[in-house]
Amino acid sequence: MNYKIAICDDSDADRNYVSDLAARWAANRGHTVQIAQFPSAENFLFRYAEENDYDILLLDIEMGHMDGVTMAKKLRRDNDTVQIVFITGYSDYISEGYEVAALHYLMKPVKEDKLCSVLDRAAEKLSKNEKVLHFQIGGEMFRVPIHQIRYAEVTGNYVTIHAAQCLTVKMTLGRLEKELDDRFYRVGRSAVVNLTQISRVTKAEIRLNDGAAIPLPRGAYEGVNRAIINMR
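Quantities reported herein were computed from a predicted structural model and do not represent experimental measurements.

Conventions used here
Residues numbered from 1 in each chain as written. Predicted model: local features only at pLDDT ≥ 70, side-chain atom pairs only at ≥ 80, totals over all residues. Heavy atoms only, no water. Helix = DSSP H or I, 4+ residues; strand = E, 2+ residues; numbered from the N terminus. Buried < 20%, exposed > 50% of the residue type's maximum accessible area, 1.4 Å probe, protein only. Contact = heavy atoms within 4.5 Å. Pairing = 2+ DSSP bridges. Axes fitted to C-alpha atoms, helices over the stretch in contact; angles between N-to-C directions. Arc of directions from axis to C-beta.

### Some remarks on the side chain of His-147
Inference 1: One can find His-147 in the loop between β7 (140–145) and β8 (151–155).
Inference 2: On the basis of relative accessibility, which here comes to 12%, the residue His-147 falls in the buried class.
Inference 3: Once residues within four sequence positions are removed from consideration, His-147 is found in contact with Asp-80, Thr-81, Asn-129, Arg-183 and Asn-194.

### Observations concerning the sheet that holds strand β5 (residues 104–107)
Inference 1: Spatially, 5 strands are ordered β2-β1-β3-β4-β5 in an open sheet, and the strand pairing comes out parallel. On the outer flanks of this sheet lie β2 (32–38) and β5, each paired with one strand and no other. Each adjacent strand pair in this sheet contributes to an overall mean axis angle of 20°, direction not counted.
Inference 2: Sitting on the sheet, helix α1 (residues 12–29) is in contact with β1 (2–8), β2, β3 (56–60) and β4 (83–88), with an inclination near 170° to β2.
Inference 3: The strands touched by helix α2 (residues 41–48) within the sheet are β1, β2 and β3, with β2 carrying the most contacts at an inclination of about 130°.

### Here we look at α2
Inference 1: Those residues of α2 that sit buried are Ala-41, Phe-44 and Tyr-48. Seen end-on, α2 carries its buried residues on one side only, within an arc spanning 65°.
Inference 2: The secondary structure elements touched by the buried residues of α2 are β1, β2, β3 and α3 (68–76).

Structure (structure tokens):
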């Protein structure tokens, strides 16, 4: 596979070190990679305006004018497929990336085996993003990439799928669930939610990044949080 990786860190030494590790990972796995280095969030965003097809972003959190979390939030406004890996020297920042669906956090100094493991996960998730579901509604075929599905809810014999557009299909929620992958979690009898789209969970509801609220059945709170932790 061919992957485009961006490394954003204000330390020249750290950028070069991580770049060497990523190149070695690719060579050992039989992948080809394009690796670009950026000394600041602003520098990356300037390039991203012209080249928005990066697959993996290895992103330092503590940088100059714009920190890594702020940059990731800007990126997530129109890109839900790039795999974001935060690199930080401080564990205090780990909760900051919750709403940008960060794949993982690596503590500095980065260890090669840890980075390789995370890059393997990123590659696996990118391959999953290629899967597409097809639905025939009213004589028309609709194509829905799985990664775009935020959640699905059932009403009677119909399931409404909330993705780039909302589609209502005559099918069971269980049938749809079998077509999905481990990013999705069944919330009681009425909904399936994409764990990467969750911004916060309370005892009463799941709140998604787009503001949608999904009611939580009694006793479901612990299960949802466990699923989120296991996914990460």
